[in-house]
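# Notes for the structure review
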Amino acid sequence: QVQLVESGGGLVQTGASLRLSCAASGRTAGIYAMGWFRQAPGKEREFVGSILWSVGYTQYAQSVKGRFTISRDNAKNTVYLQMNSLKPEDTAVYYCTATTRIGALSGSEAGVDYWGKGTLVNVSS
């Protein structure tokens with residue numbers, strides 16, 4: 001019912017900035033929240049941040065708080081992840097997510113209804 005397509009990944013140096021985009025299509029009117037997860041090679045997938053679609057309330061993992069910012073463009077059905085002061089440990093495949101369930105627990109994969117295919121962010125030292 002909802003399709004998510006990420007873009008904006010690439011190779012950057014430590015300290016650089018990068019903005020990821022996630023365009024949603026399909027039954028976007030039913031989206032309650034969107035967010036981002038990431039998975040580094042050999043590690044488990046982890047929560048990055050989320051945003052409640054209607055009011056813009058955001059939550060972030062401690063590892064990215066103060067450096068990453070989630071925003072949205074309602075008219076374009078697009079969510080953004082602005083990443084500043086990037087570190088090598090930020091290197092991962094970043095996945096866009098969406099849920100239609102009201103009150104879904106933020107940070108939990110169980111609360112995710114839809115996943116994008118991911119976009120790679122590679123931060124070199």
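Below, the structure is looked at part by part. All of these numbers come straight from a predicted model, not from anything done at the bench.

Within the protein one finds zero helices and eleven strands. In the protein, the order of α-helices and β-strands from amino to carboxyl end is β-β-β-β-β-β-β-β-β-β-β. Taken against the 2.2 N^0.38 rule, which gives 14 Å for 125 residues, the C-alpha radius of gyration of the protein at 13 Å falls within 12% of a compact globule. Overall size of the protein, expressed as C-alpha extent along the three principal axes, is 40 × 25 × 25 Å. For the protein, the residues scored as buried account for 41% of the 125 residues in total. Sequence-distant contacts in the protein: of pairs separated by 6 or more residues, those separated by 24 or more amount to 54%. Mean positive and mean negative side-chain charge positions of the protein (12 and 8 charges, respectively) differ by 5 Å.

It is worth spelling out the nonpolar core at this point. Ranked by internal contacts, the top residues of the largest apolar core, which has 32 residues, are Leu4, Met34, Trp36, Val79, Leu81, Met83 and Tyr94. Secondary-structure elements contributing two or more residues to this core are β1 (2–7), β3 (18–26), β4 (33–39), β5 (46–52), β7 (68–73), β8 (78–83), β9 (92–99) and β11 (119–124). Contact partners of Val79, with chain neighbours within four places excluded, come to Leu20, Ser21, Cys22, Met34, Trp36, Ile51, Trp53, Ile70, Ser71, Arg72 and Cys96.

The next point concerns the pairing of β3. Of the strand pairs in this sheet, β1 and β3 are connected by six bridges, and their pairing is antiparallel. In the strand pairing of β3, Val2 is matched with Gly26. One ladder, built from six bridges, connects β3 with β8; its direction is antiparallel. Across the sheet, residue Ser21 finds its bridge partner in β8, namely Tyr80.

Calculation rules
Residues numbered from 1 in each chain as written. Predicted model: local features only at pLDDT ≥ 70, side-chain atom pairs only at ≥ 80, totals over all residues. Heavy atoms only, no water. Helix = DSSP H or I, 4+ residues; strand = E, 2+ residues; numbered from the N terminus. Rg over C-alpha atoms; globule rule 2.2 N^0.38 Å. Buried < 20%, exposed > 50% of the residue type's maximum accessible area, 1.4 Å probe, protein only. Contact = heavy atoms within 4.5 Å. Lys, Arg positive; Asp, Glu negative; His and termini not counted. Charge placed at Lys NZ, Arg CZ, Asp CG, Glu CD. Core = buried A, V, L, I, M, F, W, Y, C linked by side-chain atoms within 4.5 Å. Pairing = 2+ DSSP bridges.

On their own, these measurements won't tell you what the molecule is for.
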